[in-house]
Amino acid sequence: MAKDKDSDLLNPASYTPNFSYRRGALSCERVSLAAIAARAGTPTYIYGRAAFTSAYRRFRRALRGTPHSICYAVKANSNLAILRAFARMGSSFDIVSAGELFRLRRIGVSGERIVFSGVGKTREEIREALRARILLFNVESAEELEILASEAARIGRAAPAAIRVNPDIEAGGHPHIATGHHRHKFGVDWPEARRLYLLHKDSLWIDWKGISGHIGSQITRVAPFRAAATRLAGYFRDLSNEGIALRYLDIGGGLGIRYTNENPPSIEEYVAVLPKSLRALGCHLLLEPGRALIGQAGVLLTRVLYIKSSRGKTFIVVDAAMNDLIRPALYGATHPITPVNRPRASAKISPVDIVGPICESGDSFLHDWPMPEVQPGDLLVIWGAGAYGFAESSNYNSRPRSAEILVQGSRFRIIRRRETREDLIRGERLS
Ligand code: LLP
């Protein structure tokens, strides 16, 4: 088993849904990646619709019989076409800013399908979300709760609220994306949360609807989810004994995916740990998956610019950079890279560094990565880039952001055009 996994390592197509070799070259569904490069250029993000729709449906199927809403975490990939595809399948959404709210309203998603998380909601954002009549505010501090109550009073309608409780669980994952421990900035400790629930028990302007607890991201074991669900269920019950009858239990997101040799629980295994502790509560479960829905559905297509050898090291310089995909630089994340053309079985594999053109050493995708020989002009695929890829891209080094493509069957369309030079300076003023 472990051996199979290692041999898969250089062939992410073998574990990435809906990418495969057709006539010796990689395709997304039935579209060749080379055809996309010919039309849209590189670097370009490519998403396969079948992969994320099937991930969404697997959540739905696994949750059959449990009252629930899947609230896709917009931050993972907020392209309007992706959001609309989720909306059409009936998804709800988790937002963390008024900008994300704006995106959802642009595609006609109504407020009752939106939950609002985040540790720093501004008064204006709260006001906008109240006006949009969202389903739930996941409140992260006493101060935020006061602002929420005052804004609700201003418009004369109680705010549907939950407290994001920090369940004090170490869930693993990279330190930058772990959130569920008491030393993190997120959520409210249970004693304080309990105090706030009771303080606003009969408040006119806070309508306690739920409790929430997102514990982190790229979590690859079920145990932390089980622990968090059990704790939240206990708090839910305690509040109910105090006469605060909640409806929603929001377990957050965080389910990890396989980038290289991780072995995360499947969607089904993950879902299976939840209802056990929750069924007895009679609550409506909210989930906020991002990465597990869209992460494996996307890749970043790039082209080899130069091959540079220096003191026995080989650098492959590609046209994608850390501004396009910052996860390796920011989290030390490993995104495998392979050629679009399937290497011959006899191809010699040697270790290379794959780097971008940006002027800093951190602009490096992989070190000592086994690669068959490639030439300038060859297309390469950077895998596992559907979540937190384009969404975290920037214009650093005055590089226009890449195009995004959505593939469906044998067709593809540009869902975001490549930025132009004019886009780079939009909004800037000389006087
Ligand atoms: N709900 C809340 C409140 C969150 O903060 C997040 C992610 C999610 C849901 C979705 O988590 P997911 O299912 O995608 O793990 N930029 C990092 C990930 C940051 C995650 C932030 N919060 C990365 O590239 O790995």
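Below you will find a few notes about this structure.

Criteria and thresholds
Residues numbered from 1 in each chain as written. Predicted model: local features only at pLDDT ≥ 70, side-chain atom pairs only at ≥ 80, totals over all residues. Heavy atoms only, no water. 1 Å grid on protein atoms, 1.4 Å probe; cavity = no way out; pocket = protein on both sides within 12 Å on 5 of 7 lines; lining within 4 Å. Points joined across faces, edges and corners; volume = space filled by probe spheres on them. Salt bridge = Lys/Arg side-chain N within 4 Å of Asp/Glu carboxyl O. Helix = DSSP H or I, 4+ residues; strand = E, 2+ residues; numbered from the N terminus. Buried < 20%, exposed > 50% of the residue type's maximum accessible area, 1.4 Å probe, protein only. Core = buried A, V, L, I, M, F, W, Y, C linked by side-chain atoms within 4.5 Å. Contact = heavy atoms within 4.5 Å. Phe/Tyr/Trp six-rings, centres within 6.5 Å; stacked < 30°, edge-to-face > 60°. Lys NZ or Arg CZ within 6 Å of the ring centre and 35° of its normal. Pairing = 2+ DSSP bridges.

**A few points about empty space enclosed by the protein**
Under the criterion given, the structure shown has 2 cavities of 30 Å³ or more. Taken as a whole, the largest cavity encloses approximately 40 Å³ of empty space. Around the largest cavity sit Pro12, Tyr15, Thr16, Arg258, Tyr259, Gln296, Pro336, Trp383 and Gly384, which together line it. As a volume, the second largest cavity reaches approximately 30 Å³. Forming the walls of the second largest cavity are Arg49, Ala81, Arg84, Ala85, Arg88 and Arg413.

**Overview of the pattern of salt bridges**
Within this structure, the stated rule accounts for 18 salt bridges. Here Glu192 makes a salt bridge to Arg195, at a shortest N to O gap of 3.0 Å. Here Glu192 pairs with Arg195, and both are found in helix α8 (residues 190-199), just 3 residues apart, close to one helical turn. The exposure class of Glu192 is partly exposed, given its relative accessible area of 29%. For Arg194, the salt bridge identified is with Asp238, shortest N-O distance 2.6 Å. On the criterion of sequence distance, the pair formed by Arg194 in helix α8 and Asp238 in helix α9 (residues 223-241) is long-range, its members being 44 residues apart.

**Regarding the nonpolar core**
Counting residues in hydrophobic clusters, the biggest one holds 103 residues, and the most contacted among them are Phe59, Phe86 and Ile211. Broken down by element, this core gets its largest block of residues, 8 residues, from α9. Once you skip the residues sitting within four places of it in the chain, Phe86 turns out to touch Phe52, Tyr56, Tyr72, Ser91, Phe93, Leu293 and Ile294. Formed by 21 residues, the second largest nonpolar core is a distinct cluster that contains Ala13, Tyr21, Ile46 and Val407.

**Things to note about the packing of aromatic side chains**
Scanning the entire structure with this criterion turns up 12 aromatic pairs. When the centroid spacing of 4.2 Å and the interplanar angle of 20° are considered together, the rings of Tyr72 and Phe86 count as stacked. Separated by 14 residues along the polypeptide, Tyr72 in strand β5 (residues 68-73) and Phe86 in helix α4 (residues 80-88) bring together distant segments of the chain. A centroid spacing of 4.3 Å and a plane angle of 50° characterise the contact between Tyr197 and Trp208, whose relative ring orientation is tilted. Taken together, the positions of Tyr197 in helix α8 and Trp208 in strand β10 (residues 206-212) put the pair 11 residues apart, joining distant regions of the chain. Taking relative accessible area as the criterion, Trp208 reaches 7% and is therefore assigned buried. Through a chain of ring-to-ring contacts, three or more aromatic side chains come together here, namely Phe52, Tyr56, Tyr72, Phe86 and Phe93. Sitting over the face of the ring of Tyr15, Arg258 holds its NZ or CZ atom 3.7 Å from the ring centroid. The ring of Tyr21 is capped by Arg342, whose NZ or CZ atom sits 4.2 Å from the centre of that ring.

**Things to note about the sheet that holds strand β3 (residues 31-32)**
If you trace the 3 strands from one edge of the open sheet to the other, you get β1-β2-β3, paired in antiparallel fashion. The open sheet has two edge strands, β1 (19-22) and β3, and neither has a second partner. Sheet topology note: the β1/strand β2 (residues 25-28) ladder contains 4 bridges and is antiparallel. Across the sheet, residue Tyr21 finds its bridge partner in β2, namely Leu26.

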